[in-house]
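A closer look at the structure
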Amino acid sequence: VQLVESGGGLVQPGGSLRLSCAASGFTFSSYAMSWYRQAPGKERELVARIDSAGGSTNYADPMKGRFTISRDNAVNTVYLQMNSLKPEDTAVYYCNTRLIFSTYWGQGTQVTVSS
């Protein structure tokens, strides 16, 4: 199983970024996918989750209305569209999936929101 995130970077407050996570090594279309984030000195927290078909999504309260998770099962990729970014969104963002016996993480992509 391999999860590879991309799309992070430096953005000004109020700006937008789109993160991507390319998955391989498992039947992508059969499993839910999630995005987590970890800010310096804080615990890793759930950002958003999407079911295997892409028909159901869940968001942590601070992200509701600003972030959108989506997936394209044809290319084994999950996305996180982040709008109206705030300095407190600064963190390393991780892609995650839970298969039957194991949980897998990507290497993370840094998002920095600063003027």
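Quick note: structure is the one above.
This section reports on the structure supplied with the text. (Residues numbered from 1 in each chain as written. Predicted model: local features only at pLDDT ≥ 70, side-chain atom pairs only at ≥ 80, totals over all residues. Heavy atoms only, no water.)

Moving on to the sheet that holds strand S1 (residues 2–6). Pairing is antiparallel in the open sheet, where 4 strands are placed in the order S1-S3-S8-S7. Unpaired on one side and paired on the other, S1 and strand S7 (67–72) mark the two borders of the sheet. Adjacent strand axes in the sheet meet at a mean angle of 15 degrees when their direction is disregarded. Where strand S3 (residues 17–24) lies against strand S8 (residues 77–82), 6 bridges are found, and the strand directions are antiparallel. Within the sheet, the bridge partner assigned to Ser20 lies in S8 and is Tyr79. (Pairing = 2+ DSSP bridges. Helix = DSSP H or I, 4+ residues; strand = E, 2+ residues; numbered from the N terminus. Axes fitted to C-alpha atoms, helices over the stretch in contact; angles between N-to-C directions.)

With that settled, the discussion passes to the pattern of salt bridges. Inspection of every chain in the model, using the stated rule, returns 4 salt bridges. When the shortest N-O distance is used, the salt bridge between Asp89 and Arg37 registers 2.9 Å. With a gap of 52 residues between them, Asp89 in the loop between S8 and strand S9 (91–98) and Arg37 in strand S4 (residues 33–38) connect regions that are remote in the sequence. With respect to class, Asp89 is no different from Arg37; both count as buried. One salt bridge in this structure joins Asp89 and Arg66, with 2.7 Å as the shortest N-O distance. (Salt bridge = Lys/Arg side-chain N within 4 Å of Asp/Glu carboxyl O. Buried < 20%, exposed > 50% of the residue type's maximum accessible area, 1.4 Å probe, protein only.)

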